[in-house]
Amino acid sequence: MRHAGEIAVQRRAGVRLAEHGSARVRAEIPEAAARFLEAQRMVVIGAEDREGRVWSAPLTGRAGFVAPAGDRTILVDAVPGAPLAGVFDDEHDIGMLALEPWTRRRMRVNGRARRDGDHLFVRTEQVYSNCPKYLQKRTIAEDLEPRERTSSSGDRLSEAQREWIKAADTFFVATHAPGLGSDVSHRGGNPGFVEVVDAGRLVWPDYAGNLMYMTLGNLELNPAAGLLFLDWATGDALHLTGRARVDWDPREVPGAQRLVEFDVERVLQVGGASPLRWAFEEHSRFNPPVRGA
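Residues numbered from 1 in each chain as written. Predicted model: local features only at pLDDT ≥ 70, side-chain atom pairs only at ≥ 80, totals over all residues. Heavy atoms only, no water.

### A few points about the overall build of the chain
Item 1. From N to C terminus, the chain includes four helices and 17 strands.
Item 2. Scaling as 2.2 N^0.38, a compact globule of 293 residues should have a C-alpha radius of gyration of about 19 Å, and the chain matches this with 18 Å.
Item 3. By principal-axis analysis of the C-alpha atoms, the chain measures approximately 50 × 45 × 40 Å.
Item 4. Buried positions account for 55% of the 293 residues belonging to the chain.
Item 5. Taking all contacts inside the chain whose residues are at least 6 apart in sequence as the whole, residues at least 24 apart take part in 69%.
Item 6. As displayed, the chain offers around 12,600 Å² of accessible surface, 46% of which is attributable to carbon and sulfur atoms. (Helix = DSSP H or I, 4+ residues; strand = E, 2+ residues; numbered from the N terminus. Rg over C-alpha atoms; globule rule 2.2 N^0.38 Å. Buried < 20%, exposed > 50% of the residue type's maximum accessible area, 1.4 Å probe, protein only. Contact = heavy atoms within 4.5 Å. Areas by Shrake-Rupley, 256 points an atom, 1.4 Å probe, with all protein chains shown as cover.)

### A closer look at the packing of helix α1 (residues 4-13) against helix α4 (residues 214-221)
Item 1. Where α1 meets α4, the closest approach of the two axes is 7 Å, and the angle between their N-to-C directions is 110 degrees. Put simply, α1 runs roughly perpendicular to α4. α1 and α4 meet at a crossing whose hand is right-handed. Where α1 abuts α4, its residues Gly-5, Glu-6, Ala-8 and Val-9 lie against Met-214, Leu-216, Gly-217, Glu-220 and Leu-221. (Axes fitted to C-alpha atoms, helices over the stretch in contact; angles between N-to-C directions. Parallel < 35°, antiparallel > 145°, perpendicular 65-115°, else oblique. Left-handed = near helix turned anticlockwise from the far one by under 90°.)

### What to know about the sheet that holds strand β1 (residues 42-48)
Item 1. Spatial ordering of the open sheet is given by β2-β1-β5-β6-β7-β4-β3, a layout of seven strands whose pairing is antiparallel. Each edge of the sheet is formed by a strand with only one pairing partner; in this case those strands are β2 (54-60) and β3 (66-68). Looking at each pair of strands side by side, their axes are set apart by 35 degrees on average, direction ignored.
Item 2. As judged from the seven bridges shared by β1 and β2, these two strands associate in the antiparallel manner. Opposite Ala-47, over in β2, you have Trp-55 as the bridge partner. (Pairing = 2+ DSSP bridges.)

### Side note on the pattern of salt bridges
Item 1. On inspection of all chains with the given rule, the structure shows 25 salt bridges.
Item 2. Where Arg-201 meets Asp-263, a salt bridge forms, and the shortest distance between an N and an O atom there is 2.7 Å. In this pair, Arg-201 sits in strand β13 (residues 201-206) while Asp-263 sits in strand β16 (residues 258-271), placing the two residues 62 residues apart along the sequence.
Item 3. Exposure remark for Asp-263: the relative accessible area of 31% places this residue in the partly exposed category.
Item 4. Residues joined in a network through salt bridges with shared partners are Arg-201, Arg-245, Asp-247, Arg-251, Glu-261 and Asp-263. (Salt bridge = Lys/Arg side-chain N within 4 Å of Asp/Glu carboxyl O.)

### Considerations on α4
Item 1. Buried residues dominate α4, accounting for six of its eight residues.
Item 2. All of the buried residues in α4 are Met-214, Thr-215, Leu-216, Gly-217, Asn-218 and Leu-219.

### Things to note about the side chain of His-239
Item 1. Relative to the assigned elements, His-239 resides in strand β15 (residues 237-247).
Item 2. Among the residues examined, His-239 registers a relative accessible area of 1% and is labelled buried.
Item 3. Among the polar contacts listed, one links the side chain of His-239 to the backbone oxygen of Ser-56, at a separation of 2.8 Å.
Item 4. His-239 has contacts with Trp-55, Ser-56, Ala-57, Pro-58, Ala-82, Pro-83, Leu-227, Leu-228, Arg-266, Val-267, Leu-268 and Val-270, leaving out every residue within four places of it along the chain. (Polar contact = N/O pair within 3.5 Å; in protein donor to acceptor, adjacent residues only side chain to side chain.)

### Description of the packing of aromatic side chains
Two measures describe an aromatic ring pair: the distance that separates the ring centres and the angle between the ring planes.
Item 1. One pass over the structure, following the stated rule, counts seven aromatic pairs.
Item 2. One aromatic cluster in this structure is built from Phe-171, Phe-193, Trp-204, Phe-229 and Phe-262. (Phe/Tyr/Trp six-rings, centres within 6.5 Å; stacked < 30°, edge-to-face > 60°.)

### Focus on the nonpolar core
Item 1. The biggest cluster of nonpolar side chains holds 47 residues, and the ones touching the most others in it are Leu-59, Ile-74, Val-76, Phe-88, Met-107 and Phe-172.
Item 2. Residues within four places of Ile-74 in sequence aside, it is in contact with Ile-29, Leu-37, Val-66, Ala-67, Pro-68, Ala-69, Met-96, Val-109, Leu-120, Phe-121, Val-122 and Thr-124.
Item 3. Among the nonpolar cores identified, the runner-up in size contains 30 residues, and Val-196, Leu-219, Leu-227 and Val-246 belong to it. (Core = buried A, V, L, I, M, F, W, Y, C linked by side-chain atoms within 4.5 Å.)

### Quick notes on the environment of Glu-6
Item 1. Along the chain, the position of Glu-6 falls in helix α1.
Item 2. When the C-alpha atoms of Glu-6 and Thr-215 are compared, they prove to be 8.4 Å apart, with 209 residues separating the residues in sequence.

Here is the structure:
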């Protein structure tokens, strides 16, 4: 069933479709989804840590490192480091997004995961695909040997991190509704679509999508959120955790149906988060223009 947060957001957005949203999502892994997962080189996961903070992080590997092990089980041949290290030592809610930028295909998996050695076992509760809107086309240019990770943390964005976000055309957002599960989703637009208000606040437009509002529905119940910005050229990752709220006044931002304001609580920058190096090809034709660009 849809949960109360999804229903509230759908009503506010004027969606009147009966049982539209997570109520229509199945737990079983369709054959097409199984084959898609087996071809992936990267997935993005989202979860709540032991302190109640929500984070998003990438996992990478050779094709086949993510593979079904039953009609409701996925085996991932990787485990997360910081900021989600140790979270899955016990079974824990997880959101997972499989993204294929060169074909603009993506699918989401929500469920429960636990670590077994160097693997994650994911028990699926929701499996579904998303439309290709706002996905930028990229291809893998290099697959390097993993290098030693470096990290730096704080509670405010540095000037360099603010510039990183201003130039981004893609990020990932994880949310968690207590007792109802975790989710991770993609957000995309032309560079500059994420406004950096200051070192502690971001604002981005919420464009027309699939009308499911699973991310916004979770935020309706719990404002905790985790953002991931990848440096596609270097493999570095910028993780943010904080609190998000929906502003239903789009303020004449092109293409926006509403805005999401995010207050930064913690920042973790990880060097060497991914061995993959991606080559940009083109932006999505669905991306609205950026105000002032």
